[in-house]
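Coordinate inspection notes
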Amino acid sequence: MQKTSLSVKIGQLRLENPIMVASGTFGYAKEFKGLTNLKKLGAIITKTITIKPRTGNLQQRLVETSSGIINSIGLQNDGIDCFLKDKLPFLKTLGVPIIVSIAGNNLEDYVKLAEIINDVEEISAVELNLSCPNIKEKQTLISQDESLTYDCVFGVRNVYKKTLIAKLTPNVTDVTQIAIAAQDAGADSVSLINTFLAMGVNIETQKPLLGNITGGLSGPAIKPIALRMVWQVSQKIKIPVIGVGGIMNYSDALEFIIAGAQAIQVGTANFVNPNITGEIIDEIKNYLRNKKINDINNLVGSLKI
Amino acid sequence: MQKTSLSVKIGQLRLENPIMVASGTFGYAKEFKGLTNLKKLGAIITKTITIKPRTGNLQQRLVETSSGIINSIGLQNDGIDCFLKDKLPFLKTLGVPIIVSIAGNNLEDYVKLAEIINDVEEISAVELNLSCPNIKEKQTLISQDESLTYDCVFGVRNVYKKTLIAKLTPNVTDVTQIAIAAQDAGADSVSLINTFLAMGVNIETQKPLLGNITGGLSGPAIKPIALRMVWQVSQKIKIPVIGVGGIMNYSDALEFIIAGAQAIQVGTANFVNPNITGEIIDEIKNYLRNKKINDINNLVGSLKI
Amino acid sequence: MHSHNIINKKIKIIDNTRVCNNYYKLILDSSVIAKLAQPGQFLHIKINSSFDPLLRRPLSIHRILGGKIEILYELVGRGTKILSESSSGDILDVIGPLGKGFNYQSPQPKADPPQAEITNDKANPNNQLPILIAGGIGVAPLVFLAQKMKQTPIVLIGAKTKNEVLCMKEFKNLGCDVRIATDDGTLGFKGRVTDLLKEFLPANRIYACGPDAMLKSLQKIAAVNNLNCQVSLDEGMGCGIGACLACVINTTKGQKRICHDGPVFDIKELIWEG
Amino acid sequence: MHSHNIINKKIKIIDNTRVCNNYYKLILDSSVIAKLAQPGQFLHIKINSSFDPLLRRPLSIHRILGGKIEILYELVGRGTKILSESSSGDILDVIGPLGKGFNYQSPQPKADPPQAEITNDKANPNNQLPILIAGGIGVAPLVFLAQKMKQTPIVLIGAKTKNEVLCMKEFKNLGCDVRIATDDGTLGFKGRVTDLLKEFLPANRIYACGPDAMLKSLQKIAAVNNLNCQVSLDEGMGCGIGACLACVINTTKGQKRICHDGPVFDIKELIWEG
Ligand SMILES: Cc1cc2nc3c(=O)[nH]c(=O)nc-3n(C[C@H](O)[C@H](O)[C@H](O)COP(=O)(O)OP(=O)(O)OC[C@H]3O[C@@H](n4cnc5c(N)ncnc54)[C@H](O)[C@@H]3O)c2cc1C
Ligand SMILES: Cc1cc2nc3c(=O)[nH]c(=O)nc-3n(C[C@H](O)[C@H](O)[C@H](O)COP(=O)(O)OP(=O)(O)OC[C@H]3O[C@@H](n4cnc5c(N)ncnc54)[C@H](O)[C@@H]3O)c2cc1C
Ligand SMILES: Cc1cc2nc3c(=O)[nH]c(=O)nc-3n(C[C@H](O)[C@H](O)[C@H](O)COP(=O)(O)O)c2cc1C
Ligand SMILES: Cc1cc2nc3c(=O)[nH]c(=O)nc-3n(C[C@H](O)[C@H](O)[C@H](O)COP(=O)(O)O)c2cc1C
Ligand code: FES
Ligand code: FES
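For the structure given in this document, a descriptive report is provided here. (Residues numbered from 1 in each chain as written. Chains lettered and ligands numbered in written order. Predicted model: local features only at pLDDT ≥ 70, side-chain atom pairs only at ≥ 80, totals over all residues. Heavy atoms only, no water.)

Bringing the overall build of chain A into the picture now. Counting its secondary structure elements, chain A contains eight helices and 16 strands. A compact globule built from 305 residues would reach a C-alpha radius of gyration of about 19 Å, and chain A, at 18 Å, matches this within 12%. Counting only C-alpha atoms, chain A reaches 60 × 50 × 40 Å along its principal axes. Going through the 305 residues of chain A one by one, you find that 67% of them count as buried. For chain A, restricting intrachain contacts to residue pairs at least 6 apart in sequence, the fraction spanning at least 24 positions comes to 71%. For chain A, the accessible surface area stands at approximately 10,700 Å², while carbon and sulfur atoms represent 47% of it. (Helix = DSSP H or I, 4+ residues; strand = E, 2+ residues; numbered from the N terminus. Rg over C-alpha atoms; globule rule 2.2 N^0.38 Å. Buried < 20%, exposed > 50% of the residue type's maximum accessible area, 1.4 Å probe, protein only. Contact = heavy atoms within 4.5 Å. Areas by Shrake-Rupley, 256 points an atom, 1.4 Å probe, with all protein chains shown as cover.)

A separate point is the overall build of chain C. Scanning chain C for helices and strands turns up six helices and 17 strands. Over its C-alpha trace chain C gives a radius of gyration of 18 Å, about what one expects of a compact globule, namely 19 Å for 274 residues. Projected onto the principal axes, the alpha-carbon positions of chain C cover approximately 50 × 40 × 40 Å. Every one of the 274 residues in chain C was classed for burial, and the buried ones make up 58%. Sequence-distant contacts in chain C: of pairs separated by 6 or more residues, those separated by 24 or more amount to 61%. Summing over all exposed atoms, chain C offers an accessible surface of approximately 10,900 Å²; the carbon and sulfur share of this is 50%. In chain C, the 33 positive side-chain charges and the 25 negative ones have mean positions that sit 3 Å from each other. (Lys, Arg positive; Asp, Glu negative; His and termini not counted. Charge placed at Lys NZ, Arg CZ, Asp CG, Glu CD.)

A separate point is the site of ligand 4. Residues and elements named next belong to chain B. In the vicinity of ligand 4 there are 23 residues, among which Ser 23, Thr 48, Lys 167, Gly 246 and Thr 268 approach most closely. Lys 47 places a polar side-chain atom, nitrogen or oxygen, 3.1 Å from an oxygen atom of ligand 4. The contact in question runs from a nitrogen atom of ligand 4 to an N or O atom on the side chain of Thr 48, over 2.6 Å. Relative to its unbound accessible area of 600 Å², ligand 4 is 98% covered by the protein chains. Its residues placed into classes, the shell around ligand 4 shows seven nonpolar, 14 polar and two charged. (Near = heavy atom within 4 Å. Polar contact = N/O pair within 3.5 Å; in protein donor to acceptor, adjacent residues only side chain to side chain. Nonpolar A, V, L, I, M, F, W, Y, C, P; charged D, E, K, R; others polar.)

Next up on the list: the environment of Pro 224 of chain B. If you trace the backbone, Pro 224 of chain B turns up in helix H5 (residues 223–236). In this view, Pro 224 of chain B contacts Thr 65, Ile 70, Ala 198, Met 199 and Leu 217 of chain A; residues no more than four positions away in its chain are not counted.

Residues and elements named next belong to chain B. The strand order S3-S4-S7-S8-S9-S10-S15-S16 describes a closed barrel built from eight strands, whose pairing is parallel. If you compare each strand with its neighbour and ignore which way they point, the axes differ by 25 degrees on average. Contacts between H5 and the sheet are confined to strand S10 (189–192), strand S15 (241–244) and strand S16 (261–266), with S15 contributing the most and set at about 175 degrees to the helix. (Pairing = 2+ DSSP bridges. Axes fitted to C-alpha atoms, helices over the stretch in contact; angles between N-to-C directions.)

A word on the pattern of salt bridges. As enumerated under the stated definition, the model contains 42 salt bridges over all chains in all. Here Glu 122 of chain A ties to Lys 92 of chain A by a salt bridge, and the two come within 3.4 Å at their closest N and O atoms. Of this pair, Glu 122 of chain A sits in the loop between helix H2 (107–118) and strand S8 (123–129) while Lys 92 of chain A sits in helix H1 (residues 79–92), and the two are 30 residues apart along the sequence. A relative accessible area of 31% places Glu 122 of chain A in the partly exposed class. Owing to a relative accessible area of 45%, Lys 92 of chain A belongs among the partly exposed residues under this scheme. Two residues, Asp 266 of chain D and Lys 268 of chain D, come together in a salt bridge whose shortest N-O distance is 3.9 Å. (Salt bridge = Lys/Arg side-chain N within 4 Å of Asp/Glu carboxyl O.)

The next point concerns the nonpolar core. When a protein is soluble and globular, its nonpolar side chains tend to lie buried together. Formed by 317 residues in total, the largest nonpolar core has its most connected members in Val 190 of chain A together with Val 190 of chain B. In contact with Val 190 of chain B, other than residues within four places in its own chain, are Ile 165, Ala 166, Leu 168, Ala 179, Ala 182, Val 233, Ile 237, Ile 239, Pro 240, Val 241 and Ile 242 of chain B. (Core = buried A, V, L, I, M, F, W, Y, C linked by side-chain atoms within 4.5 Å.)

Further remarks concern the interface of chain A and chain B. In this complex, chain A contributes 43 residues to the contact, which on the side of chain B involves 44 residues. The largest per-residue losses of area from chain A upon contact with chain B belong to Met 199, Ile 203 and Gln 206 of chain A, which jointly make up 18% of the total buried on that side. Counting across the interface, chain A meets chain B through two salt bridges. Glu 204 of chain A is the salt-bridge partner of Lys 291 of chain B, the closest N and O atoms lying 3.6 Å from each other. Counting across the chain A and chain B interface gives 18 residue pairs in polar contact (both at pLDDT 80 or more). Elements with a contribution of two residues or more to the side of chain A that touches chain B: strand S11 (196–199), strand S13 (207–208), strand S14 (214–218), helix H5 (223–236) and helix H6 (250–259) of chain A. When residues of the side of chain A that touches chain B are assigned to their parent elements, the largest contribution, six residues, is made by H5 of chain A. Within the side of chain A that touches chain B, the residues separate by chemical class into 24 nonpolar, 13 polar and six charged. (Buried area = accessible area lost by both parts, 1.4 Å probe.)

A word on the site of ligand 1. Residue and element names in this part refer to chain C. The immediate surroundings of ligand 1 are formed by 20 residues, with Arg 57, Pro 58, Gly 79, Thr 80 and Asp 234 found nearest. Between ligand 1 and Leu 72, the relevant distance is 2.9 Å, taken from a nitrogen atom to a main-chain nitrogen or oxygen of the residue. Taking 880 Å² as the accessible area of ligand 1 by itself, protein coverage stands at 70%. Contributing elements (two or more residues each) for the shell around ligand 1: strand S4 (57–60), strand S6 (68–74) and helix H2 (78–84).

Turning our eyes to something else, we now look at the packing of helix H4 (residues 175–184) of chain A against H5 of chain A. Any two packed helices are characterised by how steeply their axes cross, that is the angle between the axes, and by the distance between the axes. Residue and element names in this part refer to chain A. Put simply, H4 and H5 touch, their axes get as near as 9 Å, and they point 45 degrees apart. When the axis of H4 is compared with that of H5, the two are oblique. Considering only the axes of H4 and H5, their crossing is right-handed. On H5, the residues that touch Val 175, Thr 176, Ala 179 and Ile 180 of H4 are Met 229, Gln 232, Val 233 and Lys 236. Along the lines of polarity and charge, the residues of the contact of H4 with H5 split into five nonpolar, two polar and one charged. (Parallel < 35°, antiparallel > 145°, perpendicular 65-115°, else oblique. Left-handed = near helix turned anticlockwise from the far one by under 90°.)

A rotation about an axis combined with a shift along that same axis relates the two copies of the chain. Of the transformation placing chain A onto chain B, the axial shift is 0.0 Å and the rotation is 180 degrees, giving an RMSD of 0.0 Å. Expressed as a symmetry operation, the mapping of one chain copy onto the other fits a two-fold axis. (Least-squares fit on C-alpha atoms with pLDDT ≥ 70 in both.)

In this section: the sheet that holds strand S4 (residues 43–45) of chain A. Residue and element names in this part refer to chain A. Read around the closed barrel, eight strands run S3-S4-S7-S8-S9-S10-S15-S16, paired in parallel fashion. Recorded for the sheet is a direction-independent mean angle of 25 degrees between the axes of neighbouring strands. On top of the sheet, H1 reaches S4, strand S7 (98–102) and S8; it is set at about 125 degrees to S8, its chief contact.

Okay, the packing of H5 of chain B against helix H6 (residues 250–259) of chain B next. All names here are of chain B. Here H5 crosses H6 at 25 degrees, and the two axes come no closer than 8 Å. Classified by the interaxial angle, the pair formed by H5 and H6 is roughly parallel. In terms of crossing hand, the pair formed by H5 and H6 is right-handed. Here Lys 223, Ala 226, Leu 227, Val 230, Trp 231 and Ser 234 of H5 lie close against H6, whose contacting residues are Asp 252, Glu 255, Phe 256 and Ala 259. Partitioning the contact of H5 with H6 into residue classes produces six nonpolar, one polar and three charged.

On the chain B side, the residues contacting the 27 residues of chain C number 29 residues. Three residues, Phe 51, Leu 54 and Leu 245 of chain C, lead the burial of chain C against chain B; their summed loss comes to 24% of the area buried on that side. For the pair chain C and chain B, the number of links is two salt bridges. Remark: the boundary between chain C and chain B carries 10 residue pairs in polar contact (both at pLDDT 80 or more). In the side of chain C that touches chain B, the residues fall into 15 nonpolar, five polar and seven charged.

Next up, the structure:
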């Protein structure tokens, strides 16, 4: 029997398989120890790290909706120093590519973080979380604006030598333009999508359900929109697209790959089934065997129109 | 006992209650005869009408997703003349305000339709479906662009004397700017939201699930995003906002009203429960009584931050 | 027949059991709907109260026994899986009877417009029995049709294999002449049920339900042999009551809604896409 | 106690029946989890395979009998409604045991860091029995705790009314001195269970579970009387395993995850928002 290859490349990074875990939904991997085979993952993306520790948003931080959840965790993390000291040692034992998600209050923060990470051998790539408000215009997220996106990616690209992924918000009119800006500024890949801005109201108290009023919608509810964005963007850019948004099983994952994603990330589904990534990897392998496709790269973007 | 008033005003139009049915999800009302009390509705919005008949999109036109559906019906309708001749006679027997949704290939179509409708006494208001591609830039929908929105509303406003509602797409970076453009051009109200552009893939055939490749996502999946948009917009404009998107029950309807919607539209839920509008009206009345609110207008935008 | 009396009701399950393989029979308790129902009409059923799956599922009326409505269904996906796990005593939210059923009472075209008109009536209606043709789960509505017909029909049942031949007993109990075609020849004629049909030609009135491929080949046979043939179509549905235009099909008489103008159509009128 | 052995398994329901009013008891068959479980730990249960509701539901381990795990739950929303409709033989997807339970084996602070440390130990541990305080469904984890304790505790149960007093028999069977407080005085003390507690002060070790309002007033009582008090918190959860940071609470030792660093905390450490 011919070997079935699941291996894909994102920038300089070669992954055993295209199944990653999405930032903020897998902690620092240790939390899932014993519940899934961590060594089997294509890559691990950490919760977004900032320079200084952050306490995040007020409770209530999470609300369940129909086939989705709204979260307003708010980038709670211990800062890059603690991450390197407390979290990285476990992560690097896994032998799986570690991708660190980073965010900042301004361009300088992003650059500074990237510089620090550039010197850490065990970190294979950086994912820029560009769904953060920029300090100047509080209302706009970086990846809601082409030039802010360009500047941020460009700034980091100058100092960061390994694989650089730009993660984009779906709360835009035309995500292809933002993706092109990221590509032009030197990103090796874009990941689509982060969460949709959303809210809920308690009709008894007449108050917002979330302490932060609004939060980000994720889960199967948003999958059809995420898939459309991945399809649109993958036709417009040359760098690989990483699909994320509502992937709950191998079938969802394959939809993204066929629509053009070189790799995918599993987010909310980890909360529902902590071993879902392992199952997806196995079932994709079966699918490829049944279809007699021996390299997953032949499936990427194979949508028949 | 004090009377509980559900009556609200949209432009010059006084509604008995704020519960309408959304365009395209209620046919021309006759289809629901016997399944719900049509005379009880706050208003009926027709499927979008165009000047000439349209055959709509290819099959498959509808796909079920997690807590949602994607449709690509594609404005199938018999044209304004047939509407007035075949559908209006039944509608006008109901004694309920009739709102006609219109769309065109260009500004002239919208204006022409509005002129025709302006002369029809039994039609109380027009809802502009601004989620249509404009003829010049095929990719952009009218309500994805402030100036296209302004021009279209302004053009219609010049000829249409009754209540004018602009229905906006959620596929934008900042829906408040589009809503402001509609207000500035003379709209009496905006309805938010139309569907999200979405898609699905059949992993066995590697083909899109929809004949039209992409379609619009509706249903409870999108409610948290629709609610956020209604909340944002209602704080930025003075004209009433009509909330629509994933409203499945009275509790959802109240969330929109508390967040700032003067009225709401029920769409996809009509397919699940054809009598849902009647139930929502009754249950809102109960809620108001229990809360000792005697005028629903006191609940509109009452969100406690 | 098309009825303007449509009921939306929560109905108790009397029984829900596996018949064979992936096929199940559901029995519902509703004398109101039972009285209104016509062969070829369907029920639109909300399987549970979750929004996932969100939509109702259309299922044909399989048989009426007194005030009991029988549904024969195949487990093909999530909705029918959940349905198969329901038990007697559970409540389903049902709309029906929906759609326009078979025109079986007379071979003559009827004046009543919502009926499927049989435009070609050259074949002699008297010297031949009506023929029912079922492919797979397509037998479901035809048992009810056979129950109601004045002339006992000939029934041709197609299935993949012997174990999947459905309703032979039900038809025989009604006195029908039942013939089987299986793809693998494990029972009856080996081959397609449409090939089996050729042995019975010329025929006058044909009533069919089955997969699209079967109906398309039937359309060819009907055209060549100039047959009167009514078929019941199966298409994903949204509203099920003619409002959403999800289930539209092209016909020689323009676009028609399968849920409301059908699901039964004169096969000559159908124009399949692709 | 905190265990690194966490199991994710599909587990069969042995029984699921209403106890009274809106309260139900679920019995699950898993000797593996039963062996690992400690009082105060919980299971994270996927109620059905739908994505609506999407998330698991956290439910405390109520009692262990051999290889059987009992859960006592209140029907409060959609998830518990669906759970209440499950029957014996059905399968649930369960993760557990999760979280850090009560430190009940000794009143001394333990070195083991994942345990709830009892920092104040001035009260004399020997001349007084431990007291368990339950509000409403908060009794659930305390029965398992009473099972495991070496010293038979005094149990104070608070409920709205007589009919809603839970688990009196279970505690009495374990030999506990059980006292009741009802809001309406229909059984035992009329008033809050925290007011009833005052009759038992000074006390040494207190273990409590109940609504936030009860715990907040308990915190005041504990502060004034300098009591050692461990409480189990109830908060909406995402992952249940410490990954998502949805369930974070402020403590004197920084932000803690209720699902992983709790649900049991030393009441002195808790800093409630608002
Ligand atoms: C008027 C009418 C009458 C029907 N009567 C019966 C009946 O009596 N017995 C019976 O078993 N079935 C009948 N069907 C088909 C039945 O409605 C579908 O099998 C059912 O809705 C599938 O639901 P599901 O959730 O199990 O499958 P899904 O998960 O929705 O789908 C499973 C698979 O089936 C495909 N599919 C879903 N619905 C249809 C459809 N309508 N046509 C073709 N493919 C589909 C999907 O694409 C998917 O591949 C009827 C359909 C119509 C329109
Ligand atoms: C560690 C832990 C152990 C628990 N043990 C038990 C137990 O043994 N028995 C038991 O009956 N319950 C227990 N609970 C609470 C239980 O998890 C919730 O009642 C359940 O998740 C509600 O699900 P639902 O879908 O029925 O309600 P939903 O529809 O989710 O909610 C119904 C209502 O309850 C509120 N709500 C939901 N979850 C919570 C929550 N966790 N805290 C407060 N309010 C909430 C919602 O805002 C809503 O108003 C425990 C919770 C935790 C965190
Ligand atoms: C609880 C939670 C926390 C998240 N935290 C982050 C984060 O820190 N950084 C980030 O880029 N994305 C974060 N996300 C977004 C996810 O990485 C992902 O983009 C999104 O949830 C869509 O995927 P899903 O539907 O599979 O969850 C978070 C999502 C959730 C649900
Ligand atoms: C089948 C279908 C057809 C629709 N047709 C139209 C239409 O013709 N014109 C329009 O403005 N909106 C149309 N819509 C959008 C709805 O009016 C509504 O804005 C959207 O579905 C969100 O609401 P919901 O989630 O309650 O369905 C359609 C929606 C569906 C599901
Ligand atoms: S299913 Fe809606 S028109 Fe047929
Ligand atoms: S629920 Fe996810 S960290 Fe506690």
